[in-house]
Amino acid sequence: MPGLVQGEAEKSEIRKRSLVARTSAVWLGFSLLIVLTLLGNVYSYFSVLRLEQEDVRTRSEFQSRDQLLDQLANDVYRASAVARDYLLESDERRAGTRRTDLETIRARIFNALATYESNSPSYERANLATLHQSVDYFLSLVEPPLQWTGEQRKRESDSYLANTLLPNSERVEKLVRDITVRDEREVEESERRLQAGYLGLQKQMVFVSLSALLGGVAAAFLSARRITRLQREAEFR
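Everything in this summary refers to the structure shown in the same document. Just so you know, these numbers come straight off a predicted model, no measurement behind them.

Focus on the overall build of the protein chain
Looking only at helices and strands, one finds six helices and zero strands in the protein chain. Helices (α) and strands (β) of the protein chain occur, in sequence order from the N terminus, as α-α-α-α-α-α. Of all 237 residues assigned to the protein chain, the portion counted as buried reaches 30%. As displayed, the protein chain has an accessible area near 15,500 Å², and 57% of this comes from carbon and sulfur atoms.

A word on helix 5 (residues 150-165)
Owing to its 3.6 residues per turn, the α-helix aligns residues three or four sequence positions apart on the same side. With 16 residues, helix 5 should cover 22 Å at 1.5 Å per step; its first-to-last C-alpha distance of 19 Å lies more than 12% under that length. The largest bend in helix 5 comes to about 55°, at Glu156. When we look at burial in helix 5, the residues that qualify are Arg153, Ser157, Tyr160, Leu161, Thr164 and Leu165.

What to know about the side chain of Arg65
For Arg65, the location among the structural elements is in helix 1 (residues 2-88). Given the relative accessible area of 2%, Arg65 is considered buried. At 3.1 Å, the side chain of Arg65 forms a polar contact with the backbone oxygen of Asn119. Apart from residues no more than four positions distant in its own chain, Arg65 is found in contact with Tyr116, Asn119, Ser120, Pro121 and Glu186.

Some words on the pattern of salt bridges
Within the structure shown, the criterion is met by nine salt bridges. The residue Arg84 makes a salt bridge to Asp85 at a minimum N-O spacing of 3.9 Å. Here Lys154 and Glu92 are joined by a salt bridge, their closest N and O atoms 4.0 Å apart. In this pair, Lys154 sits in helix 5 while Glu92 sits in helix 2 (residues 92-119), placing the two residues 62 residues apart along the sequence. One continuous salt-bridge network, built from bridges that share partners, spans Glu92, Arg153 and Lys154.

Some remarks on helix 2
The end-to-end C-alpha separation of helix 2 is 40 Å, in line with the 40 Å expected for 28 residues at 1.5 Å each. Within helix 2 the residues assigned to the buried category are Ala95, Leu102, Ile105, Ile109, Ala112, Leu113, Tyr116 and Glu117. For helix 2, the N-terminal cap is Asp91; the gap from its side-chain oxygen to the backbone nitrogen of Arg93 is 3.1 Å.

Regarding the packing of helix 2 against helix 4 (residues 128-142)
Remark: helix 2 packs on helix 4, axes separated minimally by 12 Å, with the N-to-C direction vectors making an angle of 170°. With respect to their mutual orientation, helix 2 and helix 4 come out roughly antiparallel. Each of Leu102, Arg106, Ile109, Phe110, Leu113, Tyr116 and Glu117 in helix 2 lies in contact with helix 4, whose residues at this interface are Leu128, Leu131, His132, Val135, Phe138, Leu139 and Val142.

What about the nonpolar core?
If you look at the biggest cluster of nonpolar residues, it comprises 33 residues, and the most contacted ones within it are Val76, Ile109, Leu131, Val135, Phe138 and Ile179. Those elements giving two or more residues to this core turn out to be helix 1, helix 2, helix 4, helix 5 and helix 6 (169-236). Counting residues per element, this core draws most heavily on helix 1, at ten residues. Among all residues touching Val135, those that are not within four sequence positions of it are Leu72, Ile109, Leu113 and Leu175.

Observations regarding the packing of aromatic side chains
Within this structure, the stated rule accounts for one aromatic pair. With a centroid separation of 5.5 Å and 85° between ring planes, the pair formed by Trp148 and Tyr160 is classed as edge-to-face. With Trp148 in the loop between helix 4 and helix 5 and Tyr160 in helix 5, this residue pair connects regions lying twelve residues apart in the sequence. When its relative accessible area of 14% is taken as the criterion, Trp148 is described as buried. Looking at Arg153, its charged tip hangs above the ring of Tyr86, at a distance of 5.4 Å from the centre. It is Arg171 that lies over the ring of Tyr137; its NZ or CZ is 3.7 Å from the centre.

So, how was this worked out
Residues numbered from 1 in each chain as written. Predicted model: local features only at pLDDT ≥ 70, side-chain atom pairs only at ≥ 80, totals over all residues. Heavy atoms only, no water. Helix = DSSP H or I, 4+ residues; strand = E, 2+ residues; numbered from the N terminus. Buried < 20%, exposed > 50% of the residue type's maximum accessible area, 1.4 Å probe, protein only. Areas by Shrake-Rupley, 256 points an atom, 1.4 Å probe, with all protein chains shown as cover. Expected span 1.5 Å × (residues − 1). Bend = angle between axes of the 7 residues up to and from the residue. Polar contact = N/O pair within 3.5 Å; in protein donor to acceptor, adjacent residues only side chain to side chain. Contact = heavy atoms within 4.5 Å. Salt bridge = Lys/Arg side-chain N within 4 Å of Asp/Glu carboxyl O. Axes fitted to C-alpha atoms, helices over the stretch in contact; angles between N-to-C directions. Parallel < 35°, antiparallel > 145°, perpendicular 65-115°, else oblique. Core = buried A, V, L, I, M, F, W, Y, C linked by side-chain atoms within 4.5 Å. Phe/Tyr/Trp six-rings, centres within 6.5 Å; stacked < 30°, edge-to-face > 60°. Lys NZ or Arg CZ within 6 Å of the ring centre and 35° of its normal.

Laid out in structure tokens, this is it:
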């Protein structure tokens, strides 16, 4: 009888240990699944936060360059008109006002172009040479009359207008169109980059979700194997 009682006690102890082991295995698998899910959510949160910050930065940069291009196009067009009016003006006082306006616009064109070039991304800088050359050529058209005296302006204005400004009017219009096209292209590029960022985030979140799911399945599978093994050991004993 004592041996029988001892054998039953041992079996009871084994069953208890088996139950504890199975419970531990289940909790281990469940805990691993929770940890993987939590890590996936944390990663997704910081990924969304990083994308939002990138979105704000990208939109701010492209908006700044968009404003510079708008200003550049408007100033080129206005400078051309003011230069023509300056050459045609017969009143010296009004001509002085036109000259001051033209000098102000010229300085603004210089500053806008320099700021645009310095703020442009590296992949755009290789395409800036043509724009810079076109703007420099335009400025070379409007700058000479600014150096004239009042007498020179009266004497040379008709000839300069007929032989220099008017023959280049189509080139000036083309410059304005080119700036506008560049502006539109930058807007399209900004949208493309933002869409690419969101698409990349979606792919990352899908990958993280699948990884968490596969990790949970693997944890459940390992737990089930451990439980099965413990059951067999308990039955064998």
